[in-house]
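# Coordinate inspection notes
The lines below spell out each chain.
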Amino acid sequence: MQENIRTELVTAMKAKDSGKVTVLRGVLAAFTNELVAKGKKPQDTLTEDEQIAVVKRLVKQRKDSIEQFEKGGRQDLADTEKAELAILDTYLPASMTHEEIRKVALALKEKLGVTDKAKMGVFMGALMKELKGAADGSDVKVVVEEILS
């Protein structure tokens, strides 16, 4: 993914697509920051899972920003964040649907013997580990609440 982003950055620079250039530079900077935080050299590369985790973190930041800007009545800034979010989403694997999450959750519920909301935290943690980041946490929470209610 990292090499792909570098290649697309060059293409975006040649096309003078300033929005995409800004987002891709931000992603590469986040990759470098992650490497430094892990005690590695900036020239190293992250594993595929680490790269996905960094992009997911950036996506979450954009979603939070969009929410805050819309609450503050700054639709212009929210639109900019939405455009950046659309670019970032292209680098993430496809997210699971509610129905796919439900199938995994029901199987895990039987396995763990969860019967009520008292063990919801343990169930959510186990389910997120089982899904290995293939589903959005908020989607998983909705499905778990439906199952346990």
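Rules used in this analysis
Residues numbered from 1 in each chain as written. Predicted model: local features only at pLDDT ≥ 70, side-chain atom pairs only at ≥ 80, totals over all residues. Heavy atoms only, no water. Helix = DSSP H or I, 4+ residues; strand = E, 2+ residues; numbered from the N terminus. Expected span 1.5 Å × (residues − 1). Buried < 20%, exposed > 50% of the residue type's maximum accessible area, 1.4 Å probe, protein only. Lys, Arg positive; Asp, Glu negative; His and termini not counted. Salt bridge = Lys/Arg side-chain N within 4 Å of Asp/Glu carboxyl O. Contact = heavy atoms within 4.5 Å. Axes fitted to C-alpha atoms, helices over the stretch in contact; angles between N-to-C directions. Parallel < 35°, antiparallel > 145°, perpendicular 65-115°, else oblique. Left-handed = near helix turned anticlockwise from the far one by under 90°. Nonpolar A, V, L, I, M, F, W, Y, C, P; charged D, E, K, R; others polar. Polar contact = N/O pair within 3.5 Å; in protein donor to acceptor, adjacent residues only side chain to side chain.

### Digging into helix α4 (residues 75–89)
Taking 1.5 Å per residue as the helical rise, α4 with its 15 residues ought to reach 21 Å, and the 20 Å between its terminal C-alpha atoms agrees with that figure. If you check which residues of α4 are buried, you get Ala78, Glu81, Glu84, Leu85, Ile87 and Leu88.

### Observations regarding the side chain of Lys109
Mapped onto the fold, Lys109 is located in helix α5 (residues 98–112). Comment: no salt bridge for buried Lys109; closest opposite-charge side chain is Glu110, at 5.4 Å. Excluding residues that lie within four positions of it along the chain, Lys109 makes contacts with Val114, Phe123, Ile147 and Leu148.

### Some remarks on the packing of helix α2 (residues 18–37) against helix α3 (residues 48–71)
At their nearest, the axes of α2 and α3 sit 10 Å apart, and the two run at 120° to each other. What the angle tells us is that α2 and α3 run oblique. Like other packed secondary-structure pairs, α2 and α3 cross with a definite hand, here right-handed. Together, Val27, Ala30, Phe31 and Glu34 of α2 and Gln51, Val54, Val55, Arg57 and Leu58 of α3 make up the contact between the two elements. Considered class by class, the residues forming the contact of α2 with α3 number 6 nonpolar, 1 polar and 2 charged.

### Topic: the side chain of Gln51
Counting through the fold element by element, Gln51 comes out in helix α3. By relative accessible area, which is 4% here, Gln51 ends up buried. There is a polar contact of 3.2 Å between the side chain of Gln51 and the backbone nitrogen of Gln2. In this view, Gln51 contacts Met1, Gln2, Phe31 and Leu46; residues no more than four positions away in its chain are not counted.

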